[in-house]
Amino acid sequence: AQVKIRYNPLVLNNLGERLDGTDPEPVKNGFKTYLQNLDFNGLFSIQKLEAELLKVDGVEDLQLESIQKQYGVLPFTSFSIGFVPDSGYAIIEDADLQITYEAHNG
């Protein structure tokens, strides 16, 4: 997944870390929390993921630039709106989550 985050520079820095030191990866943790809270065989919803990420303190806006799924060793494939994971649950590896940060200056 590739996501661009517009953040509040009074809460997060340009690496997405909380300025108060309480969480070095709040956006990544928000993404993983969403996945962990999916019911077994539950629908992964792009809209619900975005809503979860917008709850992260300091996130002002976001753009999901790319999101794909993969099962086992099959190639990554794009999807729209959502999907039910083939194995019943979904995980994301840190290397597959690319987050860029842009300060909100307004």
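Quick notes on the rules
- Residues numbered from 1 in each chain as written.
- Predicted model: local features only at pLDDT ≥ 70, side-chain atom pairs only at ≥ 80, totals over all residues.
- Heavy atoms only, no water.
- 1 Å grid on protein atoms, 1.4 Å probe; cavity = no way out; pocket = protein on both sides within 12 Å on 5 of 7 lines; lining within 4 Å.
- Points joined across faces, edges and corners; volume = space filled by probe spheres on them.
- Helix = DSSP H or I, 4+ residues; strand = E, 2+ residues; numbered from the N terminus.
- Nonpolar A, V, L, I, M, F, W, Y, C, P; charged D, E, K, R; others polar.
- Contact = heavy atoms within 4.5 Å.
- Polar contact = N/O pair within 3.5 Å; in protein donor to acceptor, adjacent residues only side chain to side chain.
- Buried < 20%, exposed > 50% of the residue type's maximum accessible area, 1.4 Å probe, protein only.
- Pairing = 2+ DSSP bridges.

(A) Quick look at the layout of surface pockets. Here the largest pocket defines a volume of roughly 630 Å³. Along the wall of the largest pocket there are 25 residues; nearest its centre are Gln68, Lys69, Gln70, Phe76 and Ile91. Of all the elements in the fold, those that place two or more residues in the lining of the largest pocket are helix 1 (26-36) and strand 4 (68-69). Class assignment of the residues belonging to the lining of the largest pocket gives a composition of 14 nonpolar, 7 polar and 4 charged.

(B) Up close: the environment of Gln2. Counting through the fold element by element, Gln2 comes out in strand 1 (residues 2-7). Separated by 80 residues in the primary sequence, Gln2 and Gly82 have C-alpha atoms spaced 16 Å apart. When residues no more than four places from it in sequence are discounted, the contact partners of Gln2 are Gln63, Leu64, Glu65, Ser66 and Gln98. A distance of 2.8 Å separates a polar atom in the side chain of Gln2 from a polar atom in the side chain of Gln98.

(C) Representation of the pairing of strand 1 within the structure. Of the two faces of strand 1, the one lined by Val3, Ile5 and Tyr7 is fully buried and the one lined by Gln2, Lys4 and Arg6 carries no buried residue. For strand 1 and strand 3 (residues 59-66), the ladder comprises 6 bridges, and the chain directions are antiparallel. Following the sheet pairing, Tyr7 is matched in strand 3 by Val59. Here strand 1 runs beside strand 7 (residues 98-103); their pairing, made up of 6 bridges, is parallel. Looking at the pairing, Lys4 lines up with Thr100 of strand 7.

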